[in-house]
Amino acid sequence: MTEMVAPAGGERKLYARKSSGLIRTIGVFGAMVFGVHCISLSSSGLIPYSWIAGVWPGSSIIGVLTVAAIFCLFHAYTYATIGATMPRSAADYTLASRVLSPPLAFAASWTLVIFSAMVAGALIAWIPTVALPTLTRSMGIVFSSPSLVSFADWSASRTGIIAIGTVCALITFGTMILPTRTIVRILQVGFFLGLGAWVVLYFQLGTASASAFPAAWDRFMGAGSYAGRIALAEQYGMQVNPNVAVMTLAGLIMGFWVFYGYYIPTFFAGEVKQAENTLLAGSWASLIVTWAIFVLGALLLQRLVPLEWIAAESYLSQSPDAIGAGVGAMPYITFYAAVVSPSFPLVLLVAVAWIYTLINLAQTYFFYCSRIIFAWSFDRLIPEFVSWVHPRLHSPIWAILIITAIAEIGIIDAATGSVMGAQLNFVFFAVVTMFVPVIAMTLFPYLKPDLFQNASAMVRRRLGPVPLITVVGVITLSYMTWMVVASFLYPAVGGGINSTKLGVLAGLVITGLLVFYGARTYRLRTEGVDIAWTFQSVPPV
Amino acid sequence: MGMTRLLYASDFHGSEAFFRKFLGAALQYQANALIVGGDVTGKAMIPILHKGPDRYEAALFNRRETPSTPEALEHLQQTIANVGFYPIVLEPDEAAELEADPVRMGTRFEQEMIGRVRLWMNLAEATLGPRGVHLYFMCGNDDLASIDAAIEGHEHIHNPDGRRHWIDDDHELVGLSLANMTPWKCARDSEEDELARRLDQVAGLLEAPERAVMVIHVPPFDSGLDVCPELDENLQIVHRGGHVLMKPAGSPAVRRMIERVQPLLTLHGHIHESPGHVRLGRTLAINAGSEYAEGIMKAAIINLERGRVKGHILISG
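Per chain, residues are indexed from 1 in the order of the written sequence. All chains are assigned letters beginning with A, and all ligands numbers beginning with 1, in the order in which they are written. Side-chain atom pairs in this predicted model are given and counted only at pLDDT of 80 or more, local residue features only at pLDDT of at least 70, and totals for whole chains, interfaces and linings cover all residues. Heavy atoms throughout the structure, all of them, feed into the side-chain values; hydrogens and water do not.

Bringing the overall build of chain B into the picture now. Only DSSP runs of H or I with at least four residues qualify as helices, and only runs of E with at least two residues qualify as strands; both kinds are numbered from the N terminus onward. For chain B, the count of helices and strands is 7 helices and 22 strands. This radius of gyration counts C-alpha atoms alone. The globule rule is 2.2 Å times how many residues there are, raised to the power 0.38. Compactness check: chain B gives a C-alpha radius of gyration of 20 Å against a globular reference of 20 Å for 317 residues, within 12% of the reference. Scored against the burial criterion, the 317 residues of chain B give a buried share of 64%. Working rule for contacts: check all heavy atoms of both residues, and any pair within 4.5 Å makes them a contact. Contacts in chain B between residues at least 24 apart in sequence constitute 65% of all its contacts with a sequence separation of at least 6. Computed over 31 positive and 45 negative side-chain charges, the inter-centroid distance for chain B is 5 Å. To sort residues, take the accessible area from a 1.4 Å probe on protein chains only and compare it with the maximum for the residue type: under 20% means buried, over 50% means exposed, and anything in between is partly exposed. This count recognises Lys and Arg as positive and Asp and Glu as negative, with His and chain-terminal groups excluded. Just so you know, the charge point we use is NZ for Lys, CZ for Arg, CG for Asp and CD for Glu.

This is the structure in structure tokens:
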């Protein structure tokens with residue numbers, strides 16, 4: 001006889017029998033934690049103060065963060081809906097390939113993965129460029145050790161970035177081939193370390209006296225350095241413009257740079273139960289939490305130094321003329337905190353947390369890239385060996401090795417160009433590739449009405465006669481179009497998109513198309529199966 | 001003998017859309033034989049309360065549905081069936097009586113499950129029979145024993161559970177619906193030693209294992225086809241640092257048997273989250289996965305040719 005599950009008291013909604021699979025959902029907290037991890041409390045935690053402030057001098061950092069977060073909420077909604085529509089690995093690729101065009105979806109996914117791996121390398125390069133020099137320079141000055149200062153200089157040099165970056169990439173590879181359970185523990189430790197580092201920063205910035213900052217700064221950066229900073233930046237061309245319109249413009253451009261990562265759980269949608277609720281709540285919560293963390297940092301920092309001064313330091317670190325003239329700039333919130341509270345244990349803790357979480361960040365990129373590669377493998381688009389899982393480690397070693405090799409290119413790119421180069425370009429590349437799944441999601445109700453009707457209630461929401469996802473999708477597409485246009489209009493934040501980089505983008509897309517059609521031809525001839533079948537709709541009888 | 005194209009899927013869990021698409025895929029991809037790997041029945045009934053003349057009320061996925069025309073009622077019933085549930089229209093007092101009597105509720109549920117499987121079998125026979133295509137339809141650990149009887153009685157439909165059938169001149173098929181013990185203690189869950197014994201029995205039916213297909217509901221342990229979220233004692237997903245902890249939940253007995261017997265092909269289901277294919281020695285093992293609740297069909301197309309797997313691909317639609 002069928003054994004029933006007792007219905008909830010007073011509810012007459014569902015008569016469930018005792019059967020497998022009736023499990024609870026992963027909590028929103030869990031999804032939020034992962035989203036925060038992907039945004040990164042370390043790399044993204046530096047951007048508002050070290051970069052945004054100098055690109056738009058005078059704009060409110062808090063205002064920029066707020067505008068950026070608001071626009072990201074729309075994008076997050078679209079990607080959460082993609083995950084809810086196709087709750088499986090690489091949901092974006094899966095949706096676009098089923099709804100729009102398989103070769104185009106694969107080419108976009110291919111480009112995204114290759115550039116994501118490169119960005120992982122660029123993020124790893126932050127360790128020798130920012131985290132290590134901040135630690136060793138602070139220690140060298142505090143403890144009067146010229147060798148530590150020299151190490152800081154070497155660490156940020158081309159050779160140092162490549163050498164230390166390569167070691168960190170190998171560490172990342174080494175940790176990523178460990179069993180998943182171990183990787184998860186490593187990431188969990190990193191999450192709490194990252195939070196701990198911010199608590200330390202809050203403590204350092206919050207307990208320092210504003211009047212003590214100039215002397216503390218000068219002690220590290222040279223006598224008179226603090227007082228002359230704004231004038232020096234103006235000498236190199238900084239123009240302070242505290243205009244709300246400029247601030248809004250900056251927020252419109254900076255969303256992905258600061259908060260990129262909140263939507264990455266969509267790539268793991270297959271592992272999230274009740275994805276329709278969890279993905280949206282998790283990604284929005286991660287956006288709001290990181291916004292709050294960075295805003296609190298800005299408030300505490302502005303307690304010590306005026307906005308214009310932060311802008312000047314940031315500007316000097318980016319001005320080619322200032323850099324060429326040998327002006328040293330350290331516009332990092334970690335450095336500001338170390339200056340006002342030069343406690344070796346605290347500086348060490350923050351530096352270790354920063355290095356650890358930067359590797360964590362690279363790990364999350366490795367993680368989602370390998371998930372997407374698996375999705376390609378299911379569709380028989382790549383050779384089976386790429387997704388081969390080691391029987392004891394349970395890790396896709398070849399896939400991770402390929403990602404590591406591409407990450408190494410990212411490290412070299414960062415060492416030979418700017419440490420933000422690949423990441424800057426990445427936003428442009430990522431946005432371009434996002435057009436394919438976002439257009440697919442926007443048109444999903446019209447192109448696949450049968451699947452739309454069977455989709456979860458969250459996907460089927462309507463705004464009057466129009467599906468809500470179509471409305472939000474159009475807003476998201478408008479935002480993304482603006483991001484692309486802004487990459488050309490504002491080379492300082494667009495990474496200087498030129499014909500070479502456009503050529504690279506075209507090259508990646510074309511190689512993706514070649515892989516798709518090559519794999520299709522091979523499977524058809526040798527196995528008698530057409531890869532296109534996996535993307536086709538099947539009408540019910 | 002030329003190439004034989006198999007179409008395989010499992011874990012329909014009552015989804016009408018999934019099964020109808022499965023049959024549609026057989027026509028679209030010109031399959032020569034269809035195999036179903038178990039867990040064909042749904043998990044819940046949805047009561048649609050008759051509140052008055054042309055007034056009905058139900059809740060689907062926490063959304064209140066109030067059809068007010070016969071067409072709207074039919075559409076709601078179809079939507080419920082498509083996601084694998086069983087719509088039952090009840091007067092409020094009927095619902096109260098049913099809820100107060102677990103035995104009656106269980107009997108009604110069993111009738112609904114058997115009824116839908118019978119409908120499916122009739123549809124399959126009508127669709128496949130004229131084309132000479134055979135369907136090998138097996139239950140899984142979630143399916144009551146009484147479902148087996150609903151499969152019988154059709155010329156082109158066979159239940160391979162514990163039996164041997166020839167798919168074509170070269171390839172034989174055996175099946176086993178049992179699974180290792182799950183946290184839910186389902187109808188056909190069994191201990192590993194009992195599973196091993198039954199596996200030996202079905203493997204012993206094979207004439208030429210190197211050319212045989214085995215449809216075994218539960219996948220082999222630690223094969224990558226059996227990865228699912230880890231659950232705690234309250235059946236809640238365990239997660240750390242924002243990640244769901246996954247673990248293998250397949251059967252060691254199934255793995256040992258595959259490694260020992262080395263059939264040509266094994267087909268599995270059970271773990272919806274873990275579609276894929278893997279080689280265990282010379283055996284190709286496939287789990288097609290399942291997304292029945294979304295009305296999505298997930299299946300595998302496998303081309304067999306003279307005792308070898310010529311090619312295979314996972315599809316969804």
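Within a regular strand, side chains alternate between the sheet's two faces. All names here are of chain B. Extensive coverage of strand 6 (residues 86-90) is indicated by the burial of 4 of its 5 residues. By definition, two strands form a pair when at least two bridges between them are found by DSSP. Two strands pair when backbone bridges link them, and strand 3 (residues 44-52) and strand 6 are joined in this way by 5 bridges, in the parallel orientation. For Leu49, the partnering residue across the bridge sits in strand 6 and is Leu90.

With that settled, the discussion passes to a nonpolar patch on the surface. Every patch collects residues that have over 30% relative accessible area and no salt bridge, joining them within 9 Å if they carry like charges and within 5 Å if they are nonpolar side chains (Val, Leu, Ile, Met, Phe, Trp, Tyr). The accessible surface values rely on the Shrake-Rupley method and a 1.4 Å probe; as for residues, cover is taken only from the protein chains in view. Salt-bridge detection follows one rule: a side-chain nitrogen of Lys or Arg within 4 Å of a carboxyl oxygen of Asp or Glu. On the surface, Leu100, Ile439, Leu443, Tyr446 and Leu447 of chain A cluster together into a nonpolar patch covering about 410 Å² of accessible area. Looking at the secondary structure, you find Leu443 of chain A in helix 19 (residues 421-447).

With that settled, consider empty space enclosed by the protein. Residue and element names in this part refer to chain A. A pocket here means an open set of points on a 1 Å grid, computed over the protein atoms alone, that has protein on both sides within 12 Å along at least five of seven lines. A cavity is instead a set of points where a 1.4 Å probe fits but cannot get out; residues with an atom within 4 Å of a point line either one. Grid points are joined across faces, edges and corners, and a volume is the space filled by probe spheres set on the points. For the coordinates displayed, the defined rule picks out 11 cavities of 30 Å³ or more. What lines the second largest cavity is a set of 14 residues, among which Thr134, Thr334, Val347, Val350 and Ala351 lie closest to the centre. Those elements that place two or more of their residues in the lining of the second largest cavity are helix 6 (126-142), helix 9 (180-207), helix 16 (333-340) and helix 17 (344-378). With 5 residues, the single largest contributor to the lining of the second largest cavity is helix 17. Residues of the lining of the second largest cavity, tallied by class, amount to 11 nonpolar, 3 polar and no charged. As a working rule, the residues Ala, Val, Leu, Ile, Met, Phe, Trp, Tyr, Cys and Pro are called nonpolar, Asp, Glu, Lys and Arg charged, and the rest polar, with Gly in that last group.

All names here are of chain B. The 6 strands are arranged 8-7-2-1-21-22 in an open sheet whose pairing can be described as mixed. Here the strands that pair on one side only, and so sit at the sheet edges, are strand 8 (157-158) and strand 22 (308-316). Pairing between strand 2 (residues 33-37) and strand 7 (residues 134-138): 5 bridges, direction parallel. Within strand 7, the residue paired with Leu34 across the bridge is Leu135.

So, about the side chain of His277 of chain B. Along the polypeptide, His277 of chain B turns up in strand 19 (residues 276-280). Look past the residues within four positions of His277 of chain B in its chain and what remains in contact with it is Ser377, Arg380 and Glu384 of chain A together with Leu225, Leu284, Ala285, Ile286 and His312 of chain B.

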